[in-house]
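Structural features, examined
Below, each chain spelled out in residue letters.
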Amino acid sequence: MIIKDLPWLEPQKTLLRGAYAAGRLAHAFLIHEARGAGGDVLASWVAQLVLCTDVNHRPCGVCAGCRRAASLQHPDLITLELIEESRQIRIEQVRELSAELALTSHQGGYKVAIISPADALNRAAANALLKTLEEPTPRTLLILVATQPSRLPATILSRCQRIRIRAPARGEAVAWLQSIRGPAEWGAALEALGDAPLFAADADPKTVVEFACDTQRVLEETSSGRADPVVTAERWGRTDLPLRLLCIENWLTDRIRRHFAGGTFSVEMTARVHLQRGPAIPSIRRLFGLMDAVQELKSSLDAPINRSLALESLLRRLATS
Ligand SMILES: [Zn+2]
């Protein structure tokens, strides 16, 4: 699905449009997006802003410059992304990009590079990129898109102007999803997907809600020793694993949030533990450890791993926490 307008990006667009008109556009941006909130959409829009050939209404969205940039076919737009099964953006890719950027633009204007996900740059790649950031050629624009910019070296971060995209309010996201996909249980789907509207836009909301309910029930049973990790892992490994991992991640995020929310959760749960063998409370350290394990599993989804075994190990950690 090609997505053009995300209403919650208007404030960022207004600022960027103003900076461009005033000739003060930075030469490097870091778009720090909440998951599924449209970082790539904004990056494409910025590319169109500088590559548009309509001098009065930039970006017009209809000229050849805009259309080519939107479909990533513009000769002056270079994109850097994960290649096939790799989990990292490598130094060779950055070197190629830097060489391309050093050339004169095909159309006498800007040359633009979009790096997404920029938090997948490995250390060597990030160091190589630093050179390009430190000595920018005139009329080049680097756009990095990341959900976890803290993974990038501080030297990279300090050279980019940061643009933050937060998850839109639930109501706004629901209205947008309805406008492009029609009525459905979008609120519940967003709840399950952690308010990531672009993920929801690609999903079947009914399936998402069913998955989320099932995941939550089984995780709670697992943490209190009432579900068998082997049976669950076997079942979960057979179906949509990326969606399942997203649901697990949200369940963990919710637990972590409750831990920090001021103690009501802990008090309530501790009381219940005394009364019966109710849901156990994984310690905060365990929760973060589990979250790391989920991230690890997510980033290795394309690799030939034994999914059931990896899930089983994750569930066992939950069961013993
Ligand atoms: Zn245009």
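See the structure shown above.
Our subject in this report is the structure included herewith. Since this is a predicted model, take the numbers as computed values, not measurements.

**So, the overall build of the protein chain**
Within the protein chain, the regular secondary structure consists of 15 helices and five strands. Each principal axis of the C-alpha atoms in the protein chain carries an extent, and together these give about 70 × 45 × 40 Å. Counting only carbon and sulfur atoms, one obtains 52% of the accessible surface of the protein chain, whose full area is about 16500 Å². For the protein chain, the centre of its 39 positive side-chain charges and the centre of its 35 negative side-chain charges are spaced 4 Å apart.

**Points about the coordination of the zinc ion**
The protein atoms donating to the zinc ion are Cys 52 (SG), Cys 60 (SG), Cys 63 (SG) and Cys 66 (SG), with metal-donor distances spanning 2.3 Å. In this structure, the zinc ion is surrounded by four donor atoms whose angles at the metal cover 105 to 119°, and the resulting shape is tetrahedral. Donor residues for the zinc ion sit on one chain with the sequence pattern C-x7-C-x2-C-x2-C. You'll find Cys 63 and Cys 66 in the same group, each marked buried.

**Observations concerning the nonpolar core**
One finds Leu 16, Leu 42, Val 112 and Leu 141 to be the most contacted residues of the largest nonpolar core, which totals 48 residues. A per-element tally of this core places helix 2 (residues 39-51) first, with nine residues. Apart from residues no more than four positions distant in its own chain, Leu 42 is found in contact with Leu 9, Gln 12, Lys 13, Leu 16, Ile 31, Ile 163 and Ile 165. Residues Leu 30, Ile 115, Ala 125 and Leu 129 belong to the second largest nonpolar core, which totals 26 residues.

**Description of the pattern of salt bridges**
Applying the stated rule across the entire model yields 18 salt bridges. In this structure, the salt-bridge partner of Arg 159 is Glu 134, at a minimum N-O distance of 3.3 Å. With a gap of 25 residues between them, Arg 159 in the loop between helix 6 (154-157) and strand 5 (161-165) and Glu 134 in helix 5 (residues 123-134) connect regions that are remote in the sequence. We classify Arg 159 as partly exposed; its relative accessible area is 32%. Take Glu 134: its relative accessible area is 40%, and that puts it in the partly exposed class. Notably, a salt bridge pairs Glu 249 with Lys 298, separated by 2.7 Å at the nearest N-O pair. Of this pair, Glu 249 sits in helix 12 (residues 241-260) while Lys 298 sits in helix 14 (residues 284-299), and the two are 49 residues apart along the sequence. The class of Lys 298 is partly exposed, set by a relative accessible area of 26%. Connected via shared salt-bridge partners are Asp 214, Arg 217, Glu 221, Arg 235 and Arg 244.

**Points about the sheet that holds strand 2 (residues 77-80)**
Across the sheet, which stays open at both edges, the five strands sit in the order 2-3-4-1-5 with parallel pairing between neighbours. Because the sheet does not close on itself, it has two edges, and the strands there are strand 2 and strand 5. The average angle at which neighbouring strand axes cross in this sheet is 20°, direction not considered. Packed onto the sheet, helix 4 (residues 91-102) meets strand 2, strand 3 (111-115) and strand 4 (140-146) and runs at close to 170° relative to strand 2. Relative to the sheet, helix 5 contacts strand 1 (28-33), strand 3 and strand 4, its axis offset from that of strand 4 by approximately 140°.

**Some thoughts on the pairing of strand 2**
Each regular strand shows side chains that alternate between the opposite faces of the sheet. Here four bridges tie strand 2 to strand 3, and the two strands are oriented parallel to one another. Bridge pairing in strand 3 places Leu 77 opposite Val 112.

**Considering the packing of aromatic side chains**
According to the stated counting rule, one finds two aromatic pairs in the structure shown. On the basis of an interplanar angle of 85° and a centroid distance of 5.3 Å, the ring pair of Trp 8 and Trp 176 is categorised as edge-to-face. In this pair, Trp 8 sits in the segment before helix 1 (10-21) while Trp 176 sits in helix 7 (residues 170-181), placing the two residues 168 residues apart along the sequence. Comparing Trp 8 with Trp 176 shows no difference in burial state: the two are buried.

**Considering unusual backbone geometry**
Across the junction of Arg 58 and Pro 59, the peptide omega takes the value -20°, indicating a cis bond. By secondary structure assignment, the location of Pro 59 is in the loop between helix 2 and helix 3 (64-70). Cis geometry is found at the peptide bond from Ser 116 to Pro 117, where omega equals 0°. Positionally, Pro 117 belongs in the loop between strand 3 and helix 5. Positioned with a positive phi, Leu 72 is a non-glycine residue whose angle comes to about 60°. On the secondary structure map, Leu 72 appears in the loop between helix 3 and strand 2. Even without a glycine there, the phi angle at Arg 139 is positive, about 55°. Residue placement: Arg 139 occurs in the loop between helix 5 and strand 4.

Definitions and limits used
- Residues numbered from 1 in each chain as written.
- Predicted model: local features only at pLDDT ≥ 70, side-chain atom pairs only at ≥ 80, totals over all residues.
- Heavy atoms only, no water.
- Helix = DSSP H or I, 4+ residues; strand = E, 2+ residues; numbered from the N terminus.
- Areas by Shrake-Rupley, 256 points an atom, 1.4 Å probe, with all protein chains shown as cover.
- Lys, Arg positive; Asp, Glu negative; His and termini not counted.
- Charge placed at Lys NZ, Arg CZ, Asp CG, Glu CD.
- Donors = N, O, S within 2.8 Å, 3.2 Å for Na, K, Ca; no water.
- Tetrahedral: all angles 85-135°; square planar, octahedral: opposite > 155°, others 65-115°.
- Buried < 20%, exposed > 50% of the residue type's maximum accessible area, 1.4 Å probe, protein only.
- Core = buried A, V, L, I, M, F, W, Y, C linked by side-chain atoms within 4.5 Å.
- Contact = heavy atoms within 4.5 Å.
- Salt bridge = Lys/Arg side-chain N within 4 Å of Asp/Glu carboxyl O.
- Pairing = 2+ DSSP bridges.
- Axes fitted to C-alpha atoms, helices over the stretch in contact; angles between N-to-C directions.
- Phe/Tyr/Trp six-rings, centres within 6.5 Å; stacked < 30°, edge-to-face > 60°.

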